[in-house]
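Spelled out from the first residue to the last, the chains are:
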Amino acid sequence: MKVLAILYEGGQAAAEEPRLLGTVQNQLGLRSYLEGLGHEFIVSSSKEGPDSDFQKHIVDAEVLITTPFHPGYLTRDLVEKAKNLKLCITAGVGSDHIDLNAAVDHKIQVLEVSGSNVVSVAEHVVMSILLLVRNFVPAHEMIERGDWQVSQIARNAFDLENKVVGTIGAGRIGYRVLQRLVPFDCKELLYFDYTPLPAEAQKAVGARRVEDLREFVSQCDVVTVNCPLHEGTRGLVNAELLKHFKRGAWLVNTARGAICDKDAVAEALASGQLSGYAGDVWNVQPAPKDHVWRTAKNPLGGGNGMVPHYSGTTLDAQARYASGVRSILANYFGDQQQDPANVIVGLGEYVTKAYGQR
Ligand code: NAI
């Protein structure tokens with residue numbers, strides 16, 4: 001059987017650090033396992049265009065392993081060429097780079113390693129909220145430049161205490177963000193999700209659900225996006241919705257870049273409608289050198305907390321998702337039932353509700 005993995009280049013770092021399991025070099029630690037079972041294992045980072053290894057090998061691979069950190073986009077077109085494909089495994093969480101409707105139609109199962117990096121991301125969200133609200137990045141840059149102008153920084157630095165923070169999506173990550181915010185004594189914690197939290201869970205974090213998205217954003221000082229990318233969330237945070245944000249709100253998006261309209265966010269930051277935008281996800285990855293989110297700033301020259309897509313790929317997370325991928329493979333080879341929490345698309349049907357319904 002051919003197993004194809006599209007992973008990211010690890011370069012010198014991966015040669016020196018074997019725990020960088022999600023790289024082409026370290027191959028999720030799967031090579032000897034798969035070859036020991038007699039399978040062919042192709043690993044590459046080459047994913048764009050008809051001459052890429054991805055497009056070359058997808059035609060006869062039975063299993064495809066991809067990573068959200070260097071997404072191999074499995075379009076309907078490619079699904080139709082992938083005559084042997086039966087199983088797609090996302091090494092991590094978030095399978096929007098797979099055309100899920102096409103997978104349903106072609107009875108290709110799609111699984112993620114659910115929960116493998118949700119704490120990693122939730123920690124990153126809380127960090128990003130703090131670094132925006134406290135105006136941290138410009139403060140550090142000032143120090144590197146050799147300057148010292150406290151007032152320049154303090155004029156746009158606030159406490160998180162007594163602010164209203166809301167999450168779009170209160171699933172595994174969104175809920176963990178709320179849990180981690182409890183000790184900050186925010187004025188209120190809000191969430192917007194079409195699935196209400198269980199009463200006990202909602203009570204435990206003291207959160208309130210707001211059912212209308214415009215109303216929700218109009219009440220938040222900080223909005224964090226923690227829902228999957230699907231047909232119902234693509235471009236959800238656009239120019240129209242941004243008008244309903246409190247003036248000077250902070251926005252953190254570690255879910256998927258395309259949930260926020262790239263240009264609308266940059267414009268809202270430039271006009272001061274947003275005081276800050278932070279996150280690690282981009283509408284195209286790797287982001288082009290001139291991507292507006294790399295350098296977008298608020299009128300005071302700060303408010304940018306963008307980093308490459310890494311919040312869910314800490315070394316701790318890599319250990320978890322590599323071992324999760326191996327378990328999914330072992331279940332598949334042994335014809336065992338998969339953990340239902342990992343199944344996004346089963347045989348010809350959506351299993352999760354998180355990606356919306358067709
Ligand atoms: P989850 O499935 O546990 O929770 C997602 C929640 O979003 C669910 O409660 C669902 O009802 C809600 N939702 C879906 N559509 C919505 C909509 N239109 N409006 C409001 N809520 C909606 O997923 P989890 O584990 O919390 O992950 C969420 C997303 O975070 C992933 O799909 C992925 O895109 C992203 N992620 C990013 C990572 C990174 O490294 N930056 C790593 C892991 C996940």
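Conventions adopted
Residues numbered from 1 in each chain as written. Predicted model: local features only at pLDDT ≥ 70, side-chain atom pairs only at ≥ 80, totals over all residues. Heavy atoms only, no water. UniProt positions renumbered as here; feature names shortened; annotations may be inferred. Buried < 20%, exposed > 50% of the residue type's maximum accessible area, 1.4 Å probe, protein only. Helix = DSSP H or I, 4+ residues; strand = E, 2+ residues; numbered from the N terminus. Pairing = 2+ DSSP bridges. Right-handed = clockwise from strand over helix to strand, strands pointing away. Core = buried A, V, L, I, M, F, W, Y, C linked by side-chain atoms within 4.5 Å. Contact = heavy atoms within 4.5 Å. Axes fitted to C-alpha atoms, helices over the stretch in contact; angles between N-to-C directions.

The protein goes by Formate dehydrogenase in an unreviewed UniProt entry, where it is assigned to Lactarius akahatsu. Regarding the protein, the relevant UniProt record gives this comment under Sequence similarities (unreviewed entry): "Belongs to the D-isomer specific 2-hydroxyacid dehydrogenase family. FDH subfamily." You can read under Catalytic activity (unreviewed entry) in the UniProt record for the protein the words "formate + NAD(+) = CO2 + NADH".

Draft legend 1. Structural detail: the pairing of strand β3 (residues 63–66). Alternating positions in β3 separate into two faces, Val63 and Ile65 on one and Leu64 and Thr66 on the other, with burial throughout. When strand β1 (residues 2–6) meets β3, the two strands line up parallel, connected through four bridges. Looking at the pairing, Leu4 lines up with Leu64 of β3. In this structure, β3 lies alongside strand β4 (residues 87–90), joined through four bridges in parallel fashion. Residue Val63 lies in a different strand from β4, and its bridge partner there is Leu87. Crossover connection from β3 via helix α4 (residues 76–81) to parallel β4: handedness right-handed.

Draft legend 2. Region of the structure containing the nonpolar core. Formed by 35 residues in total, the largest nonpolar core has its most connected members in Phe216, Leu242, Phe245 and Leu251. A per-element tally of this core places helix α13 (residues 262–271) first, with five residues. Discounting chain neighbours no more than four positions away, the residues touching Phe245 are Val217, Val223, Val237, Leu251, Gln273 and Leu274. Counting residues in each nonpolar core, the second largest holds 28 residues, with Leu160, Tyr191, Leu197 and Val252 among its members.

Draft legend 3. Spatial organisation of the sheet that holds β1. The mixed open sheet is built from seven strands, whose spatial order is β2-β1-β3-β4-β5-β13-β14. Looking at the sheet topology across the chains shown, the edges are occupied by β2 (40–44) and β14 (349–350). Together, β3, β4 and β5 (109–112) form the strand contacts of helix α15 (residues 315–333), whose direction differs from that of β4 by roughly 165 degrees.

Draft legend 4. Geometry of the sheet that holds strand β6 (residues 164–168). Spatially, the seven strands line up as an open sheet ordered β8-β7-β6-β9-β10-β11-β12, and their pairing is parallel. Taken across any chain shown, the strands that pair with only one partner, and hence form the sheet edges, are β8 (207–209) and β12 (304–306). The sheet shows a mean angle of 20 degrees between the axes of neighbouring strands, direction not considered. Its contacts with the sheet put helix α6 (residues 118–133) on β6, β9 (222–225), β10 (249–253), β11 (274–279) and β12, and the angle it makes with β10 is roughly 150 degrees. α13 contacts β10 and β11 of the sheet and is inclined by roughly 140 degrees relative to β11.

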